[in-house]
Amino acid sequence: SLDAQISELNTQLAERSVLETQLDQARQRQADAKAENPRLKAEMDELKAHIDELSVVEGATCPLCGQPLDEADRQRHTAILTARGKELGDRYRANQAFLRDAEQQIAEYVSRLEVLSTNEQQRLSHVKSLAQLKTRRDQNQDSIADWEAVGAPRLEEITLQLQGELFNPQTRTQLEAVDVELAALGYDAAAHD
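None of the values given here were measured: they were computed from a predicted structure.

Chemist: Whenever I open this one, the pattern of salt bridges confuses me. Can you help?
Modeler: Overall, the coordinates contain 15 salt bridges when judged by the stated rule. Across the salt bridge formed by R84 and E43, the nearest N and O atoms sit 3.3 Å from each other. Taken together, the positions of R84 in helix α3 (residues 71–164) and E43 in helix α2 (residues 16–56) put the pair 41 residues apart, joining distant regions of the chain. With relative accessibility at 24%, the residue E43 sits in the partly exposed group. Several salt bridges converge on common partners, so that one network encompasses E36, R39, E43, R84, E87 and R91.

Chemist: How should I be thinking about the nonpolar core in this particular structure?
Modeler: Grouped burial of nonpolar side chains is what soluble globular proteins tend to show. Counting residues in hydrophobic clusters, the biggest one holds eight residues: L13, L19, L23, A26, I106, Y109, L113 and L116. Sorting the residues of this core by element identifies α2 and α3 as the ones contributing at least two each. The leading source of residues in this core is α3, at four residues. Beyond its immediate sequence surroundings of up to four residues, I106 is in contact with L23, A26, R27 and Q30. Of all hydrophobic cores here, the second largest spans seven residues; its members include L47, L54, L81 and L88.

So, how was this worked out
Residues numbered from 1 in each chain as written. Predicted model: local features only at pLDDT ≥ 70, side-chain atom pairs only at ≥ 80, totals over all residues. Heavy atoms only, no water. Salt bridge = Lys/Arg side-chain N within 4 Å of Asp/Glu carboxyl O. Helix = DSSP H or I, 4+ residues; strand = E, 2+ residues; numbered from the N terminus. Buried < 20%, exposed > 50% of the residue type's maximum accessible area, 1.4 Å probe, protein only. Core = buried A, V, L, I, M, F, W, Y, C linked by side-chain atoms within 4.5 Å. Contact = heavy atoms within 4.5 Å.

None of the figures reported here should be taken as evidence of function without further support.
Here it is, written out as structure tokens:
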């Protein structure tokens, strides 16, 4: 039973390195997104300022590059800057959404790693218990082998002696002599009782 539990825990623990890698990657992506958002925000603010400048300029020169600027160029530049701003805004919002999701994902990875840590403690406990049980089993097998080699033959020998009344022959001979003397004296144990 412990072997099966240890095997199952080992299988679960095999995913720990994958989870740790995923956690590290998620934290790195989170850090990248956190670092990128201020840059994106600054770029968007700069683009907004350029768009505002372009929208108020009429006629002569471009406030950005100093070149002559007509209405079509102004609208084209405004459209380009607006598209770039939208692209940066989309990335910014995507990063914000990613950061919200990343917090939850990182928390999930950490939670799963904590469960695996508990599983590791449980596995170590099972391994220790299994080692103790195997030691006890080996000791019991040694005791059984010792019994079969020495104890069982001795028990059989003593049992045969008891059944055949072959034990302690000198004392039995003396006891028989005392019994003969008692009979010669006319001793009756029942009458004595």
